[in-house]
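# Results of the structural survey
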Amino acid sequence: MNKRVKVENKRIKMLSQEQRSASFDEEAMSANQKRKSCSTKAKEGSALSKSIPSKATRSKSTNAVSLDQLQTEKLHHILQLDAEDETMSSIHKLLSKSRKVMVLTGAGISCNAGIPDFRSSEGLYNLVKKEHPNISLGSGKEMFDISLFRDEMKIAVWATFMEKLYSSCRLATPTKTHKFIAHLKDRGKLLRCYTQNIDGLEESLGLELSSEQPTEIQEANNNNSTTVSRSSSFSSFSNAKWKNFDVVQLHGDLNTLSCTRCFHVFNWSRSWTRSFRSGELPTCPNCEEIKMRRVMQGKRLIDNNGILRPNIVLYGENHPSGDFISQGLNVDISRGRPDFFIIMGTSLKVDGVKKVVRQISKQVHERGGIVILVNKSSVGESSWNGYIDYQIWEDCDKWVSFVEQQQPDFFKSQKEVDKLRQLKREASELRKKELLEKKKLKEQKTLHTPPTTPTRSLSPNGKQVKKEDLSLSDPIKEEKRATLHSLKRSLISPVEHYSTHKKQKIVLKESVVSESESDSDHASVKTESVFEMETKITT
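These numbers come from a predicted model, not from an experiment.

## Let's talk about the overall build of the chain
- Scanning the chain for helices and strands turns up 19 helices and 13 strands.
- Per-residue burial over the chain gives 36% buried out of 539 residues.
- Residue pairs at least 24 apart in sequence account for 74% of intrachain contacts in the chain once pairs closer than 6 positions are excluded.
- With an accessible surface of roughly 34,300 Å², the chain has 52% of that area assigned to carbon and sulfur atoms.

Here it is in structure tokens:
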């Protein structure tokens, strides 16, 4: 009995570990956990309210924050997009100044594109449960677990689930968040984007996906075949191949199908979509060809043919390109030198994604950058203290539009930035030329023309007076001078009368000289008369 109890306890522990971790941002909620969640809902709400700072405390703590002090020891929460918040403005300034940005995305960035989520009332999980009420499904995690291939009923439900998800991805258009990632690439700031999504919406914006396998697809198109080897493209790592990838798909791509036996990759076709819609997985055409060749050669037949399934990585399955992605991640961390890390639309429930976040955040903090999370659900403070600096509780597209309002220059295209730089260079060159020409003209003037001599002006007393004193003289003094000048003009005779009086003087003198030979008495009288005449003339 004791052995049986121990074995049962081990099994229960194993199940609890699987339920704690979930795939594609899906919380594994069993029936017992749902009952417990009703009772612990109030406790969790109170814990969240304590962990999240109030508006008053947040406004006090966010004032006067410099760019160097943005790194935090504990996870800080930003509940609203406030233009007056200094922490938000400083975060956006640091983002605009950053050179190498790393991005991690989840299912939250594709909800606005028309792709339904997993847990909402209108999600694919609830739709599938309504269509198949006879099958018991505990959580959405079971739709992405490798164990579903053991049950034929679950395989049928999974096939219809995948066909609906694929059709919604085909009709979806990229969101503002996807365009933001493409803009980072256009500006040369995107180091790498790691995504948990399987929709492949980034491909329509010109971004290179890790699951595209460009060399093998070109060879297949040249040979008029639609098959590609799944493991050949990631057999050997090379830096040149890794640098070509803009987006690394951590969980595969829904837009292609792969064989469970030969691992060949195929594109979707109409007949295969119909079989998925009816709940059947199609057989692999490559395995059938191999089987026919063996029959023609007289060899024994293979037991079973492979079946086609979406080219995604299920929970509990070995990642076919895990080694390739891990080597590329090490290259990005060691040589890429990231200085800003953005996490968007994910609640960070997958263990492998948690490790990626911790590795990148350490390198970003060493470079003086920060780590921000844009998500509307909590991720748990205690496990992310020291790794994530800020969590913005807002929709990803709304946050991107808010950043665009705050930093409009950051959202200009590379062509516009190049044009502005060209105009600035041309303007600076013109200014330099104008300054040189002015200097040359001044030098020429100093060489050809001598310096001007300063003019002197005398006061009525005979003293030297400055020009400033004359210009700043009182108006009363100027009036007095004008009146005196007019009086002198009126008293002094004109020039013509002055010349006639001068001639009279000369005539008198000549007469005096001629009569000098006469008596002395007469001479003295005449001199007195001449003197009197001169005084009269002068007066």
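After presenting the structure, the write-up continues.
## A look at the confidence of the model for the chain
- This prediction gives the chain a mean pLDDT of 75; 65% of its residues lie at or above 70.
- In the model, residues 213–228 has pLDDT below 50 throughout and makes 22 contacts with residues more than four positions away in sequence or in other chains.

## As for the pattern of salt bridges
- Summed over the entire model, instances satisfying the criterion amount to six salt bridges.
- Between Lys176 and Glu404 there is a salt bridge, with the nearest N and O atoms lying 3.4 Å from each other. Separated by 228 residues along the polypeptide, Lys176 in helix 7 (residues 176–186) and Glu404 in helix 14 (residues 396–406) bring together distant segments of the chain.
- What makes Lys176 partly exposed here is its relative accessible area of 36%.
- Lys185 is paired through a salt bridge with Asp246; the nearest N and O atoms lie 3.2 Å apart. Pair noted here: Lys185 is in helix 7 and Asp246 is in the loop between helix 9 (239–243) and strand 5 (247–249), with a separation of 61 residues, a long-range link.

## Focus on the side chain of Glu202
- If you trace the backbone, Glu202 turns up in the loop between strand 3 (190–195) and helix 8 (214–222).
- One buried charged residue, Glu202, forms no salt bridge at all, with the nearest opposite charge on Arg192 at 13 Å.
- Residue contacts for Glu202: discarding those within four places in its chain leaves His178, Thr195, Leu207, Leu209 and Val247.

## Comments concerning the nonpolar core
- Counting residues in each nonpolar core, the largest one holds 33 residues, and the members touching the most others are Leu95, Phe180, Phe340, Ile342, Met344 and Trp399.
- Among the elements that take part in this core, helix 14 stands out by supplying five residues, more than any other.
- Residues within four places of Ile342 in sequence aside, it is in contact with Leu95, Val101, Met102, Val103, Leu104, Phe180, Ile372 and Trp399.

## Quick look at helix 11 (residues 285–297)
- Taking 1.5 Å as the rise per residue, helix 11 with 13 residues should run 18 Å; its terminal C-alpha atoms sit 18 Å apart, in good agreement.
- A positive phi of about 80° marks Gly298, the residue just after helix 11.

## Some details on the sheet that holds strand 1 (residues 76–78)
- Ordered by their spatial adjacency, seven strands build an open sheet running 1-11-10-9-2-3-5, and the pairing between neighbours is parallel. Where the open sheet ends on each side, the last strands, each with one partner, are strand 1 and strand 5. Adjacent strand axes in the sheet meet at a mean angle of 20° when their direction is disregarded.
- As defined by bridge partners, strand 10 (residues 370–374) adjoins strand 11 (residues 390–392) across three bridges and the pair is classed as parallel. From the neighbouring strand, Leu373 faces strand 11, where its bridge partner is Gln391.
- The strands that helix 12 (residues 322–334) touches are strand 2 (101–105), strand 3 and strand 5; relative to strand 3, the one it contacts most, it runs at about 145°.

## Here's the deal with the side chain of Thr195
- With respect to the helices and strands, Thr195 occurs in strand 3.
- Here the side chain of Thr195 touches Asn197 through a polar contact of 3.1 Å, landing on its backbone nitrogen.
- In this view, Thr195 contacts Thr105, Glu202, Val247, Val248, Gln249, Leu250 and His251; residues no more than four positions away in its chain are not counted.

## Some words on the pairing of strand 6 (residues 252–259)
- Within strand 6, seven of the eight residues are buried, which leaves the element mostly enclosed by the surrounding structure.
- Where strand 6 meets strand 8 (residues 308–312), four bridges bridge the pair, whose relative direction is antiparallel. Residue pairing across strands places Cys259 opposite Leu308, the latter belonging to strand 8.
- The pairing of strand 6 with strand 7 (residues 264–267) spans three bridges and is classified as antiparallel. Across the sheet, Thr256 pairs through a bridge with Asn267, a residue of strand 7.
- What sits between the antiparallel neighbours strand 6 and strand 7 is a turn of four residues, in which Phe263 has the positive phi angle 60°.

## What about the packing of helix 6 (residues 152–171) against helix 10 (residues 270–277)?
- Contact pair helix 6 / helix 10: the axes reach a minimum separation of 7 Å and the direction vectors enclose 130°. When the axis of helix 6 is compared with that of helix 10, the two are oblique. Between helix 6, through Ala159, Thr160, Glu163 and Tyr166, and helix 10, the contact on the second element is made entirely by Thr273, Phe276 and Arg277.
- Taken together, the residues of the contact of helix 6 with helix 10 break down into three nonpolar, two polar and two charged.

## Re the pairing of strand 3
- Across the six residues that make up strand 3, a large majority, six, are buried.
- Here five bridges tie strand 2 to strand 3, and the two strands are oriented parallel to one another. The partner of Leu104 across the bridge, within strand 3, is Tyr194.
- In terms of strand pairing, strand 3 meets strand 5 through three bridges, oriented parallel. Opposite Tyr194, over in strand 5, you have Val248 as the bridge partner.

## Comments concerning the packing of aromatic side chains
- On inspection of all chains with the given rule, the structure shows eleven aromatic pairs.
- Between Trp242 and Phe324, the ring centres sit 5.6 Å apart and the planes meet at 65°, which makes this aromatic pair edge-to-face. Highlighted residues: Trp242 in helix 9 and Phe324 in helix 12, separated in sequence by 82 residues.
- With a relative accessible area of 1%, Trp242 lands in the buried category.
- Considering the side-chain rings of Trp384 and Tyr387, the 6.4 Å spacing of their centres and the 85° angle between planes classify their relative orientation as edge-to-face.

## Considering helix 10
- Those residues of helix 10 that sit buried are Trp272, Thr273, Ser275 and Phe276. The buried residues of helix 10 all sit within an arc of 160° when viewed along its axis, so they share a single face. When the buried face of helix 10 is taken as reference, the exposed residues oriented beyond 90 degrees from it are Arg270, Arg274 and Arg277.

Rules of the game
The written sequence of each chain sets the order in which its residues are numbered from 1. Predicted model: local features are reported for residues with pLDDT of at least 70 only, side-chain atom pairs are reported and counted for 80 or more only, and whole-chain, interface and lining totals are derived from all residues. With hydrogens and water excluded, all non-hydrogen atoms of the structure serve as input to the side-chain values. Segments assigned H or I by DSSP are reported as helices when at least four residues long, segments assigned E as strands when at least two residues long, and all are numbered from the N terminus. Residue burial is assigned from relative accessible area. The probe radius is 1.4 Å, only protein chains are included, and a residue is buried under 20% of its type maximum, exposed over 50%, and partly exposed in between. The contact rule is simple, with two residues in contact once any of their heavy atoms fall within 4.5 Å. Only the protein chains shown count as cover for residues, and the accessible areas themselves come from Shrake-Rupley with a 1.4 Å probe. Predictor confidence is given residue by residue as pLDDT, running from a minimum of 0 to a maximum of 100. Between Lys or Arg on one side and Asp or Glu on the other, a salt bridge is scored when a side-chain nitrogen of the former is within 4 Å of a carboxyl oxygen of the latter. For the charge count, each Lys or Arg is scored as positive and each Asp or Glu as negative, with His and the chain ends excluded. Nine residue types can take part in a nonpolar core, namely buried Ala, Val, Leu, Ile, Met, Phe, Trp, Tyr and Cys, and a core is a set of them joined through side-chain atoms within 4.5 Å. Under the convention used throughout, the expected extent of a helix is 1.5 Å for every residue step, that is, one less than its residue count. At least two bridges found by DSSP between two strands are what make those strands a pair. For helices, the fitted line uses only the C-alpha atoms of the stretch in contact; every axis is such a line through C-alpha atoms, and the angle between N-to-C directions lies from 0 to 180 degrees. Counting of polar contacts relies on pairs of N or O atoms within 3.5 Å, with two restrictions inside protein: one atom must be capable of donating a hydrogen and the other of accepting it, and residues adjacent in sequence are counted only when both atoms are side-chain atoms. Angles below 35 degrees are treated as roughly parallel, those above 145 as roughly antiparallel, those between 65 and 115 as roughly perpendicular, and all remaining angles as oblique. Polarity classes work like this: nonpolar for Ala, Val, Leu, Ile, Met, Phe, Trp, Tyr, Cys and Pro, charged for Asp, Glu, Lys and Arg, and polar for all others, with Gly in that last group. Planes of paired rings set the category: under 30 degrees apart is stacked, over 60 is edge-to-face and the rest tilted, where pairs are Phe, Tyr or Trp rings (Trp by its six-membered ring) whose centres lie within 6.5 Å. Of all possible arcs, the one meant is that of the directions from the helix axis to the C-beta atoms.

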